[in-house]
Amino acid sequence: MGKTVTFQCSCGQIKGEVKSVPDKGNHLLCYCESCRAGARYCGARISADEPVDLYLTPAHNVRIIEGQANLNPFAFSPGGVIRWKAVCCGIQVFSSQPKPKIAFMSLSARLITDSQAVGPVSTRSFVPKANGKTAHEGKVALAKLILGVLAARLTGKWRQNPLLDPETLRPIAEVTLVSKEEKRALLAQGCRRFSGLLERGQMAGMLQHHQFRVGNELGHKRMTFNRAKLIMRPA
């Protein structure tokens with residue numbers, strides 16, 4: 001049934017534990033724009049094509065031991081995914097779903113003290129492809145997590161969510177709505193970095209890196225400029 005592992009924010013003021021790791025969870029890399037924008041909103045220096053490293057699990061598996069008052073939730077749209085920033089050190093700790101009965105949450109994998117406990121990456125979401133589209137890899141592992149969430153809904157465990165007020169079933173703190181303009185500005189940070197690489201003559205090395213990566217993951221032997229366009233799309 002896995003084991004219980006601890007986590008903490010960068011400064012250690014927020015501490016907690018996650019149980020049934022990795023049996024009741026999913027180690028996931030997410031390439032979506034919102035996850036990258038969320039990471040940058042919390043101060044992370046993440047490139048335009050770099051994924052966010054997450055551990056997903058049903059919410060009742062997570063317990064916050066200290067520092068709950070230091071969590072500040074934000075979202076990029078009304079009814080959108082809620083991300084939880086540590087006001088003490090600025091790092092993103094959690095993300096959660098706006099609908100209480102969809103009771104799973106993600107934890108920044110690098111905050112887990114035993115990094116080996118979460119196991120290898122089992123799912124990659126919104127992976128950019130050479131044709132300009134995105135795809136999900138590792139759907140079987142993700143389906144297993146969804147079954148766990150459905151079971152929590154049937155048993156009532158969905159109410160055991162550390163990020164919800166047990167009486168109102170609303171987030172424990174007021175959610176800050178980040179504007180579309182600010183999100184676009186956060187995503188543009190990666191494009192500015194890309195432009196700087198062009199100016200410094202590092203384009204060839206960057207494309208060579210992506211050619212190797214796409215060749216390994218998709219079986220393509222050559223990189224196309226679709227990938228370069230994909231890097232620049234957030235602008």
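In this text, all values refer to a predicted model and were calculated from it rather than measured experimentally.

Caption draft 1: Spotlight on the overall build of the protein chain. Counting secondary structure elements, the protein chain contains five helices and 12 strands. If you take every contact in the protein chain between residues at least 6 apart in sequence, the share linking residues at least 24 apart comes to 61%. Of the roughly 12,600 Å² of accessible surface on the protein chain, a fraction of 52% belongs to carbon and sulfur atoms.

Caption draft 2: The pattern of salt bridges, seen in detail. Under the counting rule described, the total for this entry stands at four salt bridges. Where Lys3 meets Asp114, a salt bridge forms, and the shortest distance between an N and an O atom there is 2.9 Å. Here the residue Lys3 occupies a position in strand β1 (residues 3–8), and Asp114 occupies one in the loop between β9 (104–108) and β10 (123–128), the gap between them amounting to 111 residues. Assessed through its relative accessible area of 43%, Lys3 is described here as partly exposed. Notably, a salt bridge pairs Glu137 with Lys129, separated by 2.7 Å at the nearest N-O pair. On the basis of relative accessibility, which here comes to 14%, the residue Lys129 falls in the buried class.

Caption draft 3: How the structure looks around the environment of Val178. Inspection of the secondary structure assignment puts Val178 in the loop between β12 (176–177) and α3 (180–199). Between the C-alpha atoms of Val178 and Pro78, which are 100 residues apart in sequence, the distance is 9.5 Å.

Caption draft 4: Focus on unusual backbone geometry. Val21 connects to Pro22 through a cis peptide bond whose omega is -5°. Within the secondary structure, Pro22 is located in the loop between β2 (15–21) and β3 (26–30). At Ser20, a position not held by glycine, the phi torsion is positive, near 60°. Tracing the backbone shows Ser20 in strand β2. Look at Phe126: it is not a glycine, yet its phi comes out positive at around 55°. For Phe126, the position within the fold is in strand β10.

Caption draft 5: The sheet that holds β3, seen in detail. Strand order in this open sheet of nine strands is β11-β10-β3-β4-β9-β8-β7-β6-β12, and the pairing throughout is mixed. Only two strands of the sheet have a single neighbouring strand rather than two, namely β11 (134–137) and β12. In the packing of helix α2 (residues 139–155) onto the sheet, the strands contacted are β3, β4 (52–58), β9, β10 and β11, and the crossing angle to β4 comes to about 40°.

Caption draft 6: Seen up close, α2. Counted at 1.5 Å a residue, the expected span for α2 with its 17 residues is 24 Å, and the 24 Å between its end C-alpha atoms agrees. Turning to α2, its buried residues number three or more, namely Leu145, Val149 and Ala152. The buried residues of α2 all sit within an arc of 55° when viewed along its axis, so they share a single face. Summarising the geometry of α2, the exposed residues directed more than 90 degrees from the buried face are Lys139, Val140, Lys144, Leu147, Leu154 and Thr155. In this structure, the buried side of α2 is in contact with β3, β4 and β9.

Caption draft 7: Local environment of the nonpolar core. Of all hydrophobic cores here, the largest spans 27 residues; its most connected members are Phe7, Val18, Leu71, Val93 and Phe94. Secondary-structure elements contributing two or more residues to this core are β1, β2, β5 (62–66), β7 (82–86), β8 (92–96) and β9. Top contributing element to this core by residue count: β7, with three residues. Here Phe94 is in contact with Phe7, Val62, Ile64, Leu71, Ile82, Arg83, Trp84, Met105, Ser106, Leu107 and Leu163, once residues within four sequence places are set aside. Of all hydrophobic cores here, the second largest spans 10 residues; its members include Cys35, Val52, Leu54 and Leu145.

Reading guide: rules and limits
Residues numbered from 1 in each chain as written. Predicted model: local features only at pLDDT ≥ 70, side-chain atom pairs only at ≥ 80, totals over all residues. Heavy atoms only, no water. Helix = DSSP H or I, 4+ residues; strand = E, 2+ residues; numbered from the N terminus. Contact = heavy atoms within 4.5 Å. Areas by Shrake-Rupley, 256 points an atom, 1.4 Å probe, with all protein chains shown as cover. Salt bridge = Lys/Arg side-chain N within 4 Å of Asp/Glu carboxyl O. Buried < 20%, exposed > 50% of the residue type's maximum accessible area, 1.4 Å probe, protein only. Pairing = 2+ DSSP bridges. Axes fitted to C-alpha atoms, helices over the stretch in contact; angles between N-to-C directions. Expected span 1.5 Å × (residues − 1). Arc of directions from axis to C-beta. Core = buried A, V, L, I, M, F, W, Y, C linked by side-chain atoms within 4.5 Å.

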